[in-house]
Each structure stands twice: as C-alpha cells, then as structure tokens.
Amino acid sequence: METSLAPDSYDIKDIDLAAAGQRRIEWAERDMPVLRQVKERFSAERPLSGTRISACLHVTTETANLMLTLREGGADVLLCASNPLSTQDDVAAALVVAGIPVHAVKGEDNNRYYRHIVAAIEHKPAITMDDGADVVSTLHKQYPQQLRDLKGGTEETTTGVIRLRNLARQGKLGYPVIAVNDARTKHFFDNRYGTGQSTLDGITRATNLLWAGSKVVVCGYGWCGRGVAMRARGMGGRVIVTEVDPIAALEAVMDGFDVMPLEQACPVGDVFITVTGDCNVIDRQHFAAMKDGAVMANSGHFDVEINVPALGEMAAKVTEVRPFVERYEMPDGRALHLLAAGRLVNLAAAEGHPASVMDMSFANQALSAEYIAKNSGALGKDVYGVPADIDNEVGRLKLQAMGVAVDTLTEEQIAYLNAWEAGT
C-alpha cells in the first residue's frame, strides 16, 4: 500500500494492513449516522479550514471516522494513541494511506507512547482532542510556550476531565477545554451502555468465562460502573458493587445490587472489574483475600486502578496463559488472573465501544471543535460543558436516524413552565 505522506510523518506497525482497516472503517461508518450528517455539512461549509488539530484518542474504526470528518471540515489532523494497548493497527494503516498522519502501535512501550504524544504536540495544534488529558498534561509540563497558540481543546473521558478541572482549580490551565465527557449524549450512553457492553466483551474474549452464576464485583458505581453492573446482571452474573460515595452506594442498593466493602467481597468474588478513575482500588490486602482462580480486569482509563506492581511483588511466578491473561501464582498456592496488564480491557482485548454509541460521542467532538474554532476569543482558560444546543442536536439527530419521534411542547405548556403564578 502507498501513502502521500512522508515516511517520517507517521509511525505505525505495517502500512500493508490498510486494506483490512479500510473495510472495518467502512463497516463502522454504517452505524454512525449522526457523524455522517456532520461530515456532510462540514464538507460543504469547511468550518475548520486551516485549523491544525492534534487528537490523542483510541485508534479505532470509530475514531477513524471522526478523523475523516474533521479533515472533511478542512482541518489539518494528526492522530496519536491515548493508550498503549488500544490501537487497532489496521485502522492506523488505513488512515495513513488516506493521508492522515498517525503515531500509534498496539503494544508500544512507554517511551514510544510518549514520543507519539510529542509528535502530536510538535504538530503545533490550534485545537487538541484528548482522551485522558495526556497531551494537555505534557503541553503544560514540557511545552508551556505553545499554550498561547491554542484556541482550545476537548476531553473525551471522565479521568481526563478530572485532571483538567484540577489544573483549572489551581489556576494553571493554559487554554479553554470542552468536557465532551459531560455531555448528556455522551456519558448517559457511551459511559453506561458502551462501557457496559464492551467491558464484558473484552473479558469474555480474553477468558471465555461463563457469566451466568459468576459473582461479579464491580468497583465503582458511576456511569461506567452502572453500565458494567447492568450488563453483568443481564448475563446472569450475581453482582456485588463496592463504593466510597454513600449516594452512589445507596443508588446501587436500590437498583437491586449487593453493596459491601471490597475486602468483604474479595473471598467470594469470581470476577473483579474496576471502573473508578482512582489508583490502587484493588491493592495488597485485596490480593491476599481473593480466592483461587479470581479474575481481575480494569475498565478505567489508566492502568493504576489495580496495583499491578504490588501484585507482581507478592507473586511467586507470573505466566501468560492466554493472550491478555496473566496468571499470578501466589506463595500459598492460589492463582490470580490479571487481564490486559491492568489496562483498559475493553480496548486491549476487544474492539472498544460499538460504533452506534460512539456516533454520539464523536459527533459531540466534531461539533465542539467547530464551536471552539468559531468562539475561542470568547472563552477563558477554564473547563466548559458542551453547549446545550449541540448536546440536544446530537440527541435529536440520533433519534431521527433511529426512526423515533418525540412530542413537542405546546405554546401553552412553554408559557406554563416559564410562569410562577399558577398553583394548587
């Protein structure tokens, strides 16, 4: 396969994988009608003409369709991976053949991963797109001189939004960022239904375990945890939820799940899934209490939720028994199994979220980039939500594509909702 790009402008595994990647990108596009409509309008209006965008996202078929949409809108796009294990190498190759520089290889080590982050920064973007805030963080720590040239950025995931809000709280955020994760058409659907389905998909592909009858311990009951717990129960799992937030724990109880401290769940759990966004959720004391054969997987953004270094120190022997499955043999004879080295199991061992749900998330990304390009001068150095009209339009277009109609308020009802006089 050939590309118009210079050899030093991209770093991928094998360009000859491009044909397979192109077929899969086209397959995903079938289920992305909202993004397709955005792309058609972008092609006509070119709202991002001349805008350099550096995207640090999971290199998947769905992301490829977002990159093609941005380019159709006139953007000069470069893509790097937001996780060392999430890249689909055939997709990376297909994008390079299509003329979009990609710096991503599945299984890349930490040094190569950050070389790719630097490549995204050296693209001199006006807009950043992040999934985990690694580009934003590296910009602030190592390239502060570039911050003044940035119009704005977007952030895809909960973990990244937390990092950005911490930066903003300290008065150190150097440019405006839109928290795409906080859009209703993102976290209600992507986080819940996408993470729920894709997490179980990744664990199933890696282990071939039977969910029915298994005791599944879900650590965290945010939108992602809700989705994982819901789907595990739907597969016949007996679900236990662990939480630190009393309101989230109460919600889990009233949703019908058992709730208990993690240490109490360890002796009975068969599968443990972390979706918290915090570090060392499963730690030494939990490894010590788990029963023989327990399986651990993470679906939070970073590989810090399961204390993998501590697990390695406690084990007498570590063996890869299947792709993405490592057996940690403990001195007392128990064997604990870790999936995908503690990284995102849904992207490492499977394909990530279905295209249909990413359709809404990435429509939000594209429209937020357009919003930044048009309104950057009016935005301060802070974290913003997706404008309500964009969020609502994405929801409207998705319903339209699904053939679903909804009611509209009458003028009388609108007036009533805006009045205060009426009472009992």
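See the structure shown above.
Because the structure is a prediction, the values reported are computed rather than measured.

Participant: I'm lost on the packing of aromatic side chains in this one. Help?
Facilitator: Summed over all chains, the structure comprises five aromatic pairs. For the pair Tyr113 and Tyr114, a centre-to-centre distance of 5.0 Å together with 90° between the ring planes defines the contact as edge-to-face. Look at Phe189 and Tyr193: their rings are 6.2 Å apart centre to centre, the planes differ by 35°, and that puts the pair in the tilted class. A residue pair is termed a helical-turn pair when its members lie 3 or 4 positions apart in one helix, as Phe189 and Tyr193 do in helix 8 (residues 184-207) at four residues. An aromatic cluster of at least three residues, connected via ring pairs, comprises Phe188, Phe189, Tyr193 and Trp223. The ring centre of Trp27 lies 3.9 Å from the NZ or CZ of Arg30, which sits over that ring. It is Arg226 that lies over the ring of Trp223; its NZ or CZ is 4.2 Å from the centre.

Participant: Please clarify how the pattern of salt bridges should be interpreted in this entry.
Facilitator: Side chains bearing opposite charge may pair, as long as their charged atoms lie close to each other. Per the counting criterion, the structure on display carries 21 salt bridges. The residue Arg165 makes a salt bridge to Asp182 at a minimum N-O spacing of 2.8 Å. Linking Arg165 in helix 7 (residues 158-169) with Asp182 in the loop between strand 6 (177-179) and helix 8, this pair joins segments that are 17 residues apart in sequence. For Arg165, a relative accessible area of 34% puts it in the partly exposed group. Judged by relative accessible area, which is 29%, Asp182 ranks as partly exposed. The residue Lys398 makes a salt bridge to Asp359 at a minimum N-O spacing of 3.0 Å. Residue Lys398 is located in helix 16 (residues 388-402), and its partner Asp359 is located in helix 15 (residues 355-375); the two are separated by 39 residues in the primary sequence. The residues Lys398 and Asp359 share a single accessibility class, namely buried.

Participant: Before we go on, may I ask you to explain a nonpolar patch on the surface in this structure?
Facilitator: A cluster of nonpolar side chains, contributed by Leu250, Val253, Met254 and Val259, occupies part of the molecular surface with about 370 Å² of accessible area. Per element, the largest residue contribution to the nonpolar patch is three residues, and it comes from helix 10 (residues 246-254).

Participant: Hey, could you run me through helix 16 in this one?
Facilitator: The α-helix winds at 3.6 residues per turn, so residues separated by three or four positions along the chain end up facing the same way. If you check helix 16, its first and last C-alpha atoms are 21 Å apart, about what 15 residues at 1.5 Å a residue would give, namely 21 Å. Taken together, the buried positions of helix 16 are Ile390, Asp391, Val394, Gly395, Leu397 and Lys398. Projected down its long axis, helix 16 carries its buried residues within an arc of 165°, all on one side. Opposite the buried face of helix 16, at more than 90 degrees from it, the exposed residues are Ala388 and Asp389. Residues of helix 16 that are buried in the fold lie against helix 2 (33-45), helix 8 and helix 15. Following helix 16 by one or two positions, Gly403 adopts a phi angle in the positive range, close to 75°.

Participant: Would you mind going over the sheet that holds strand 11 (residues 295-298) with me for this structure?
Facilitator: Within a sheet, neighbouring strands are paired by backbone hydrogen bonds and run either parallel or antiparallel to one another. The strand order 9-8-7-10-11-14-13-12 describes an open sheet built from eight strands, whose pairing is mixed. Edge positions in the open sheet fall to strand 9 (258-259) and strand 12 (317-322), since each of these has one partner strand only. Relative to strand 8 (residues 238-242), strand 7 (residues 215-219) runs parallel, the two being bridged by five bridges. Paired with Val216 across the strands is Val239, a residue of strand 8.

Conventions we followed
Here the residue numbering is sequential within each chain, running from 1 through the sequence in written order. Per-residue local features of the predicted model are confined to residues with pLDDT of at least 70, and side-chain atom pairs are confined, for both listing and counting, to 80 or more; whole-chain, interface and lining totals are unaffected and use all residues. In computing side-chain properties, one takes all heavy atoms of the structure into account and sets aside hydrogens as well as water. Stacked, tilted and edge-to-face are the three classes assigned to paired rings of Phe, Tyr and Trp, where Trp is represented by its six-membered ring and a pair needs centres within 6.5 Å; plane angles under 30 degrees give stacked, over 60 edge-to-face, the rest tilted. Secondary structure elements follow DSSP: runs of H or I of four or more residues count as helices, runs of E of two or more count as strands, with numbering from the N terminus. In this scheme, Lys NZ or Arg CZ marks a charge over a ring once it lies within 6 Å of the ring centre and within 35 degrees of the ring normal. Each salt bridge in this description consists of a side-chain nitrogen of Lys or Arg and a carboxyl oxygen of Asp or Glu lying within 4 Å of one another. Residue burial is assigned from relative accessible area. The probe radius is 1.4 Å, only protein chains are included, and a residue is buried under 20% of its type maximum, exposed over 50%, and partly exposed in between. The patches described consist of residues with a relative accessible area above 30% and no salt bridge, like charges being joined within 9 Å and nonpolar side chains (Val, Leu, Ile, Met, Phe, Trp, Tyr) within 5 Å. Here the Shrake-Rupley method, with its probe set to 1.4 Å, supplies the accessible areas, and only the displayed protein chains count as covering residues. Helix span, expected: 1.5 Å multiplied by one less than the number of residues in the helix. The arc under discussion is defined with respect to the helix axis, by the directions toward the C-beta atoms. Pairs of residues are marked as contacts when any of their non-hydrogen atoms sit within 4.5 Å. DSSP calls a pair of strands paired once it identifies at least 2 bridges connecting them.

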